[in-house]
Amino acid sequence: MAHRGLAILAAALALSCLVYLVIGVRGNWGFVLALRAERLAALLLVAASVAVATQIFQTVSGNRILTPAIVGFDALYILIQSVLVLAIGGLAAAQLPEIGRFLGETAILALAAVALFAALLRGAAGDVQRMVLAGIVLGVMFRSLTAFVQRLIDPNEFAAVQIASFARFNRIEAGPLWIAMAVGAAALAGAWAMRHRLDVMALGRDHAISLGLDHRRMLMTALVLVALLTATATALVGPLAFFGLLVTSLAHLVLRDHRHAVLMPGAALIAGIVLIAGQTVFERALGLAATLGVVVEFLGGLVFLALLLGRGWR
Amino acid sequence: MPPASLPTAEPRAGRHAALALAGLALLAGASLFVGAAPLSASALLADGEGARMLMLSRLPRTLACLLTGAAMAIAGLVMQMLARNRFVEPSTVGSAQGAALGLLAVTLVWPAAGLAAKMLAASLASLAGTAAFLAMVRRLPVTQPLLVPLAGLAWGAILGAAATFIAWETDLMQFLEIWLNGEFSGVVQGRYEILWLTGIFAAAAYLLADRFTIAGLGRDAAVGLGLRYERVLLLGLLIVAAVTALTVVTVGMIPFVGLVVPNLVRMGAGDNIRAALPLVALAGAGAVLAADLVGRLVIHPFEVPAATVFGVIGAGVFVWLIVTRRGHGA
C-alpha cells in the first residue's frame, strides 16, 4: 500500500521534472537542457534535504510541529556566515577556499546546534508546548541577531553574505556549490542508514532506551545530520521557514505510515514535486517572479495553524 | 484583585515609578546628545545651529521613542488581558501584519490617499486580524496556555506571507520592510506628531483598566460581575489596533516591547492592572529609547534599527520567561 503510494509520488515527480526540463525550450536544446538539468539536480537535493532534515528533527523531538527551520537552524547558519564576514572581512572571506569555508561553517553549525538544541530537547522533555514555543522564539532571536550582525558589516562587504531574507529558487547556481551538494548527498545517505533506529526513536525516549538504543548519542547524531542537511539547503537557495513542515505533514497524510523507510523518501518526493512543479507553474505559466517561497510559506503557515488547532502537537 | 494586596502594592508601585521616571529622564537627556552629528551642551549655547538640530531632529526622535514605547507596552498589556494569556502581543498575533496588509491595500487601491485614510485602513485591517486571532483563541483549551502564543505566531506568519506576496508582486517590498521594522532615524519635526494620538488611547486604557482586569477573568465570570463583556472586548481591540496602526504608519513595528515589558513589570509590581499601567508605560518608553540609543551607538556614525536591537534582546528575555516561569500558569 505504502509502496504503491511511493511509486505514484515518484511517477508524479518524474513527470514534473520532465515538464520542467522541456517546457518552453527555444534555440539550442543542448545548452538549455544542460543548464536546466544542473538546476534541477540542485532543486531536488534541496527538496530532499529539507524534507529529511524535518522528518528527523520531528522524530527526535517527539512532535509534529517543530522543524529545523522554525527553531532557526537556517538562521543560525546565516548568522555564522555573517559573523565570519564581520570578523575577517568580506574580501578575506571570499578568498577562503570554497570547500574549507563551507565545511568550516557547517562544522560550527553542527556544534552550535548540538550544544543548543540537545539541551532544549532534553530539558523540555514531556513539555512539548514549552519546547515548541522556546524553539520558535529562539528562531526569531537568531533571525534578529543575523539582521543585527549584517547591519554591523561594512555595506561594501555585505554582498559576501549573499543570502536574501527569503528563499529564491530561480537563481540557484549549482556550479560553485558542488561541495554543498556532496555534503548533502552524504548526509542523506547517513539518514537512510539510520532509518530503523529512527523508528525506535519515534517510540519515545523511555521505550527507545529500554529497547537498547543509546538515546543520547542518537540525538546528537540526528542533530548533526540535520545541521548538515540544513547547511546544504540554505547554501543553495536560502532560508525556508515552513516548507519542511508542509511536506512532512503531507507525507503523513498521504502515506499513513510510521516507518521512516517510507516517510523519509515520501516526504522527499513530495518536497520535490512541490518545488519542481511549483517552480514550473510560477516561472513559466503565471510569470510570477520569485514568489514560490512566499506561497510555500503561506501554505506552511496554514498547516502549522491547522496542526495546532487540531491538536496535532502530540 | 484581592483587596488585601492593595496597601502593600501601592507604595511599592510608587517607589518603582519614581525610580523609572529618574531613569527615563537620564536616558532622554542622553538621547538628545547622541547621534551621527556631534552635539555638546556648550555648542548648544554657542550658536543657533546646535539648537536647531536639537529642535528639528533630536527632540522629535526622543519623543517618538518615548511615545512609541509607552503605547506599545500598553497595547501589549491590553492584548494580554483580552487573550487571557501572558505570552501575546500585537506583533505576535497578527495585529501588526494586519495593519501592514491594510496599508498595502490602500496604497494599491488609492495611491493618493492621505494620512488619515491610510491610518483608518491600517486600523481596520489590524482590528480584523486581531479579532480573528481572538476568535481562534476561544477555540483553544484554557488548560493549554502555551498554545495561544503558538497560534498567534502562526497567524502572524500567514498574514505576513500574504503581505510579502502582494508587496513583492507590486514592488512595494521596501515599504513593507519599513512598516514592519521599526526605526527612528527618519524621525524629524513634522513627521512624528501623529504619535501624540497614542496618548489618547493610553488614557483610555487607563480609564478602562479595571474593566480589562475583570474581562481577564473570562467571559462567564465577567458577565456574572455585571460587565458588558463584548463592549469591553471591542474597546480593548480598538485600543490595540489603533496603537498598532499608528506605530506601523509612523515609525514601524518594534517586536517584543508589548510582550517583555508588561511581563517584567508585572513580576515586580503585581497584577493590579491600573497600578501597573503607568509603570508599564514608563518602562516601555525607557526600553525603546534604550534600544534606539544602543542602535545609534553600536556602529556610530551608522545606525542599527531599534526594532533589530529589540528583536535580539526581547527574544532573549522571552525565551528566559518561557523557560523559567514553569508552573506559573500563563
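Okay, so let's go over this structure. Small disclaimer: the values here were computed from a predicted structure and weren't measured. (Residues numbered from 1 in each chain as written. Chains lettered and ligands numbered in written order. Predicted model: local features only at pLDDT ≥ 70, side-chain atom pairs only at ≥ 80, totals over all residues. Heavy atoms only, no water.)

1. Some words on the overall build of chain B
Our working rule: What counts as a helix is a DSSP run of H or I of at least four residues, what counts as a strand is a run of E of at least two, and both are numbered from the N terminus. Just to be clear, the radius of gyration here is over C-alpha atoms, and the globule rule we use is 2.2 Å times residues to the power 0.38. Categorising residues by exposure relies on relative accessible area from a 1.4 Å probe, with only protein chains included: less than 20% of the type maximum marks a residue as buried, more than 50% marks it as exposed, and the intermediate range marks it as partly exposed. Only heavy atoms enter the contact rule, under which two residues are in contact if any of them lie within 4.5 Å. For the accessible areas, the method is Shrake-Rupley and the probe is 1.4 Å, while residue cover comes only from the protein chains on display. When charges are tallied, Lys and Arg are placed among the positive residues and Asp and Glu among the negative ones, while His and the ends of the chain are skipped. To locate a charge, take NZ of a lysine, CZ of an arginine, CG of an aspartate or CD of a glutamate.
In terms of helices and strands, chain B carries 14 helices and zero strands. In sequence order, chain B lays out its α and β elements as α-α-α-α-α-α-α-α-α-α-α-α-α-α. Computed over its C-alpha atoms, the radius of gyration of chain B comes to 20 Å, within 12% of the 20 Å expected for a compact globule of 330 residues. For chain B, the C-alpha atoms occupy an extent of roughly 65 × 55 × 35 Å along the three principal directions. Within chain B, the fraction of its 330 residues that count as buried is 54%. The long-range fraction of contacts in chain B, counting pairs at least 24 apart against all pairs at least 6 apart in sequence, stands at 77%. With the model as given, the accessible surface of chain B reaches about 13,600 Å², and the carbon-plus-sulfur share is 69%. The average position of the 20 basic charges and that of the 15 acidic charges among the side chains of chain B differ by 11 Å.

2. Describing the overall build of chain A
For chain A, the helix and strand inventory stands at 13 helices and zero strands. Of the regular secondary structure in chain A, the N- to C-terminal order runs α-α-α-α-α-α-α-α-α-α-α-α-α. Out of the 314 residues belonging to chain A, those deemed buried represent 56%. Counting contacts in chain A only where the partners sit at least 6 residues apart, residues at least 24 apart contribute 80% of the total. Roughly 13,000 Å² of accessible area belongs to chain A as shown, and the carbon and sulfur atoms make up 66% of that amount.

3. Comments concerning the interface of chain A and chain B
Interface size is often expressed as the accessible area that is lost when the parts come together. As a reminder of what qualifies: Accessible area that two parts lose when put together, with a 1.4 Å probe and added across both, is what the buried area reports. Any N or O atom pair separated by 3.5 Å or less is treated as a polar contact, with the protein-specific requirement of one donor-capable and one acceptor-capable atom, and with residues adjacent in sequence counted only for side-chain atom pairs.
Every contact between the two is made by 39 residues of chain A and, on the other side, 41 residues of chain B. Across the chain A to chain B interface the summed buried area is about 3,500 Å²; carbon plus sulfur atoms make up 80%. At the junction of chain A with chain B, the criterion picks out zero residue pairs in polar contact (both at pLDDT 80 or more). Of all elements in the fold, only helix H6 (128-152) and helix H13 (292-309) of chain A reach the threshold of two or more residues within the side of chain A that touches chain B.

4. With respect to helix H6 (residues 147-169) of chain B
Residue and element names in this part refer to chain B. Basically, it comes down to this: Each residue after the first adds 1.5 Å to the expected span of a helix.
Here H6 contains 23 residues, and its C-alpha end-to-end distance of 33 Å stays within 8% of the 33 Å for a straight helix at 1.5 Å per residue. With 19 of 23 residues buried, H6 lies mostly within the body of the structure. Asp171 sits one or two residues past H6 and shows a positive phi near 60°.

5. Considerations on the nonpolar core
In a soluble, globular protein the nonpolar side chains are often hidden away together inside. Note the threshold: Think of a nonpolar core as a cluster: buried Ala, Val, Leu, Ile, Met, Phe, Trp, Tyr and Cys residues, connected wherever their side-chain atoms sit within 4.5 Å.
With 207 residues, the main nonpolar core has A:Ile56, A:Phe73, A:Phe117, A:Phe304, B:Phe133, B:Phe184 and B:Ile254 as its most contacted residues. By residue number, the principal contributor to this core is helix H3 (residues 48-83) of chain B, which donates 16 residues. With residues near it in sequence (within four places) discarded, A:Ile56 still touches A:Ala191, A:Leu198, A:Ala222, A:Leu225, A:Val226 and A:Met264.

6. Thoughts on unusual backbone geometry
Residues and elements named next belong to chain B. We note that Arg84 has phi near 55°; this positive angle belongs to a residue other than glycine. Positionally, Arg84 belongs in the loop between H3 and helix H4 (95-109). Backbone geometry places Asp171, a non-glycine residue, at a positive phi of 60°. Position of Asp171 among the secondary structure elements: in the loop between H6 and helix H7 (173-180).

7. Thoughts on empty space enclosed by the protein
Where empty space is left in the structure can be found by rolling a water-sized probe over the atoms. Residue and element names in this part refer to chain A. Put simply, the rule reads: A cavity, in this analysis, means grid points on a 1 Å lattice covering only the protein atoms where a 1.4 Å probe fits yet has no way out; a pocket is instead an open set bounded by protein on both sides within 12 Å along at least five of seven lines, and a residue lines either one if it has an atom within 4 Å of a point. Grid points are joined across faces, edges and corners, and a volume is the space filled by probe spheres set on the points. Three classes are used, and their members are as follows: Ala, Val, Leu, Ile, Met, Phe, Trp, Tyr, Cys and Pro are nonpolar, Asp, Glu, Lys and Arg are charged, and the others, Gly among them, are polar.
Summed over all chains, the structure comprises two cavities of 30 Å³ or more. Each pocket or cavity is described by its volume, and for the largest cavity that value is around 150 Å³. Around the largest cavity, the lining is made up of 16 residues, and of these Val50, Ala69, Thr230, Ala233 and Leu240 lie nearest the centre. Those elements that place two or more of their residues in the lining of the largest cavity are helix H2 (29-61) and helix H10 (215-237). Looking at side-chain class alone, the lining of the largest cavity contains eight nonpolar, seven polar and one charged residues. There is about 30 Å³ of room inside the second largest cavity.

8. Topic: the packing of H3(B) against helix H5 (residues 115-139) of chain B
All names here are of chain B. Applied cut-off: Every axis corresponds to a line fitted to the C-alpha atoms, with the helix fit spanning only the stretch in contact, and the corresponding angles, defined between N-to-C directions, vary from 0 to 180 degrees.
At a minimum axis distance of 10 Å, the contact between H3 and H5 shows a crossing angle of 35°. Seen from H3, the contacting residues are Met79, Leu82 and Ala83; seen from H5, they are Thr130, Phe133, Leu134 and Val137. Of the residues contributing to the contact of H3 with H5, the split by class is six nonpolar, one polar and no charged.

Structural measurements only, silent on function.
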